[in-house]
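Chain and residue survey
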Amino acid sequence: MKNNHLSSKAIDESAKVLLVQKHMADQAGQVIGHVQDDLQQLSELQDAQSDALDDLLRRAGQLANDQLIEPVATPKFAELNWHNYERLDTVETSDHEAWKDFLAKMEGFGSARGIDTRQDPFDQLLSTKEKAELTRQIREDYKMASPNCDKYDYIIAASCGAVAGLIDSIFVGIPGDSKLGKWTDQQVDNVVVKFAKTVWRSDKNGGAQLRTEPENIAQAIGYLERRFKVNYDARYAADLHMGNATLNMRPSDHHLKSLGHSPDIIGLFFSILDQFTGKASFIADGRIIRLQPIEGSDTFELRGGNFIAKLYCGFANWLGHLMSDIAGSSGTRGHMDGRRGAGIPIPFYSLFQLCDFGSIQVNGQSKTFAEFSTAVFESGYDARFGITMAIPVIFNELAIRLAWALKSKFYHKRSWKESIPIGSKPELRRMLLVGHGTLCLLDGTDAGLRSGGNPLLFATRLNMVAWSRLAFSGLLEVRSLYKEKGIDLQALERDVEKEWERLFGGNRELQ
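Residues numbered from 1 in each chain as written. Predicted model: local features only at pLDDT ≥ 70, side-chain atom pairs only at ≥ 80, totals over all residues. Heavy atoms only, no water.

Scanning the protein chain from N- to C-terminus turns up 16 helices and five strands. In the protein chain, buried positions account for 37% of the 511 residues. Contacts spanning at least 24 positions in sequence make up 71% of the contacts within the protein chain whose residues lie at least 6 apart. For the protein chain, the exposed area adds up to about 30,500 Å²; of that, 57% sits on carbon and sulfur atoms. (Helix = DSSP H or I, 4+ residues; strand = E, 2+ residues; numbered from the N terminus. Buried < 20%, exposed > 50% of the residue type's maximum accessible area, 1.4 Å probe, protein only. Contact = heavy atoms within 4.5 Å. Areas by Shrake-Rupley, 256 points an atom, 1.4 Å probe, with all protein chains shown as cover.)

What follows is the structure, given as structure tokens:
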């Protein structure tokens, strides 16, 4: 197999070899059957001769004791009917023989004995019973089944979604005025402080000249900012060689417009790219621009003696710098005014900056969708608040899965293994769609009522995590409806590849 995809040619060739080997096995089985028949004849003859010998010994004892013995006829034994054994057909091969040579020998062997390898070899390899069993297994394991939910499934899913919606409405709210938000902000601060302490102690043990261990969030952020410097951390356009480009950026939104600050695979890619090339990547006017930072006294240099080492250092810088920014900057945290600071965006939220179109009225000003998403982010709609929004979504997900598992076990009387709420379960998939749909319905209604028609308030009250989860559930449901009663070829191919690797994993000529 190349690139982990099964080769149809290799499968056909292997099937032809199996067909020839089946002929050999059938011939050997027939000979073995004849041998067993002959051995059975020998066993029966031996038993008869043993009985006759016992009778002669008994009579000899009677004669020795002067007892009269009755005359008996001479025993007759059955004549052995031996089979004629011919030499089994074989193919001479060696362990180091190339596959193509082995295949040529097998095809020549089959052709000489009238074995038709031109037709479908699998049709000849499988018996009628095996074909019926294979058909049944494919239908049960790989057929895209439609969900068979009853009214209780829908009631359970909608109830879980309603409770999650109430949690979202009462405890999540909006950034800066969220009961759960205050708790998640504190947990993020605790993680940043612990991370900074861990890095500080590691550097101290490594011989770094350090004095005071960071004790609060402002000190932790300050230490991480100095420890994990990157070249793309410009706060103003004036920190960059702009040339003919334009970039409207300020400290409150530079984490959003700098692609390296995005906590996702896109952010990792651009962070590594920027660190290797010495440039900085931003989104401006709906397109990606790459600019050269203005060099200062703290010129950035990516560490590492080779490519792999630099790659590792680049990843460490990206992760460490995100930790320094997720809770805000050292200049705004730890002060008496209690400001949260500008954190990092929710994963993939930066892509909204590419949507530089449309017109949304905010406080009498017309903003494009990209400008509107910037205003939402500056309102505190960052990764910390994303964690807050994820709480009711996670609750909803776990509650529905637990309820489905318990109902499957105790109501439908399935085994615990069958009731594990993971994998392809049509009823569970439909229940998750209904549950997350209910959560989003309540979330959208609450946002609409409490925003008073203000688009900015509406967006900040909207639970982006819940709507993203609903979109994913919707895609799964559409896919299942499209492929309903069809065969899940991807799952079938994965299982066939696993079996192929198990059988021929060591033979690279078949891969």
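Each strand in a sheet pairs with its neighbour through backbone hydrogen bonds, running either in the same direction (parallel) or in the opposite one (antiparallel). Sheet architecture is open: three strands sit in the order β1-β3-β2, paired in antiparallel fashion. Strands at the two margins of the open sheet, each flanked by one partner only, are β1 (240-241) and β2 (280-284). As defined by bridge partners, β1 adjoins strand β3 (residues 287-293) across two bridges and the pair is classed as antiparallel. The residue of β3 that forms the bridge with L240 is P293. (Pairing = 2+ DSSP bridges.)

A separate point is the packing of helix α6 (residues 179-205) against helix α7 (residues 217-227). Two numbers describe how α6 lies on α7: the axes approach to 9 Å, and their chain directions differ by 50°. By the angle class used here, α6 and α7 are oblique. Between α6 and α7 lies a crossing of left-handed hand. Of the residues in α7, those in contact with D189, V192, V193, F195, A196, V199, W200 and D203 of α6 are I217, A220, I221, Y223, L224 and R227. The residue inventory of the contact of α6 with α7, partitioned by class, reads eleven nonpolar, no polar and three charged. (Axes fitted to C-alpha atoms, helices over the stretch in contact; angles between N-to-C directions. Parallel < 35°, antiparallel > 145°, perpendicular 65-115°, else oblique. Left-handed = near helix turned anticlockwise from the far one by under 90°. Nonpolar A, V, L, I, M, F, W, Y, C, P; charged D, E, K, R; others polar.)

The sheet contact formed by β2 and β3 spans five bridges and is antiparallel. Across the sheet, residue A284 finds its bridge partner in β3, namely R287. The antiparallel pairing of β2 with β3 creates a hairpin that spans two residues between the two strands, and D285 there sits at a positive phi of about 55°.

This paragraph deals with the pattern of salt bridges. A complete count under the given rule lists 19 salt bridges for this structure. Between E477 and R430 there is a salt bridge whose closest N-O contact spans 2.5 Å. Note that E477 is positioned in helix α15 (residues 464-482) and R430 in helix α13 (residues 426-451), a separation of 47 residues in sequence. Judged by relative accessible area, E477 falls into the buried class, the value being 5%. Classification of R430 by relative accessible area gives buried; the value is 18%. Where salt bridges share partners, they join D185, R340, D382 and R384 into one cluster. (Salt bridge = Lys/Arg side-chain N within 4 Å of Asp/Glu carboxyl O.)

Below, the discussion takes up the confidence of the model for the protein chain. Taken as a whole, the protein chain shows an average pLDDT of 84; of its residues, 85% reach a score of 70 or greater. Ranking the elements of the protein chain by mean pLDDT puts helix α16 (residues 489-504) last, at 64, and helix α12 (residues 383-410) first, at 97. Below a pLDDT of 50 lies the segment residues 1-6, which in the model reaches 14 contacts outside its immediate sequence neighbourhood of four places, other chains included. (pLDDT = per-residue confidence, 0-100.)

This part takes up unusual backbone geometry. The phi dihedral of D285 is positive, around 55°, even though this residue is not glycine. Counting through the fold element by element, D285 comes out in the loop between β2 and β3. A positive phi angle, close to 60°, is found at K413, a residue other than glycine. On the secondary structure map, K413 appears in the loop between α12 and α13. A residue is classified by how much of its surface remains accessible, and K413, at 65% relative accessible area, is exposed.

The terminal C-alpha atoms of helix α10 (residues 307-325) lie 27 Å apart, and with 19 residues this matches the ideal 27 Å at 1.5 Å per residue to within 8%. If you follow the buried residues of α10, they end up packed against α6, α7, α8 (254-257) and α9 (265-277). Put simply, N306 is the residue that caps the front of α10, since its side-chain oxygen is 3.2 Å from the backbone nitrogen of I308. (Expected span 1.5 Å × (residues − 1). Polar contact = N/O pair within 3.5 Å; in protein donor to acceptor, adjacent residues only side chain to side chain.)

On the surface, E44, D47, D51 and D54 cluster together into a patch of negative charge. Within the secondary structure, D51 sits in helix α1 (residues 8-64). Owing to a relative accessible area of 52%, D51 belongs among the exposed residues under this scheme. (Patch = residues over 30% accessible without salt bridge, like charges linked within 9 Å, V, L, I, M, F, W, Y side chains within 5 Å. Lys, Arg positive; Asp, Glu negative; His and termini not counted. Charge placed at Lys NZ, Arg CZ, Asp CG, Glu CD.)

Here the focus is the packing of aromatic side chains. Going through the model one piece at a time under the given rule, you end up with nine aromatic pairs. Ring pairing ties together the aromatic residues Y349, F352, F369, Y381 and F385, which thus form one cluster. In this arrangement the basic side chain of R227 is found over the ring face of F228, its NZ or CZ atom lying 4.9 Å from the centre. (Phe/Tyr/Trp six-rings, centres within 6.5 Å; stacked < 30°, edge-to-face > 60°. Lys NZ or Arg CZ within 6 Å of the ring centre and 35° of its normal.)

Interaxial distance between α12 and α15 falls to 7 Å at its minimum, and their mutual angle equals 40°. By the criterion of interaxial angle, the relationship of α12 to α15 is oblique. In this structure, α12 uses G386, M389, A390, V393, E397 and R401 to contact α15, whose residues at the interface are M464, V465, A466 and R469. Grouping the constituent residues of the contact of α12 with α15 by class yields six nonpolar, one polar and three charged.

Before going further, it helps to examine a nonpolar patch on the surface. There is a patch of nonpolar side chains on the surface, built from V35, L39, L42, W82 and Y85 and spanning about 460 Å² of accessible area. Note on placement: W82 falls in the loop between α1 and α2 (99-112).

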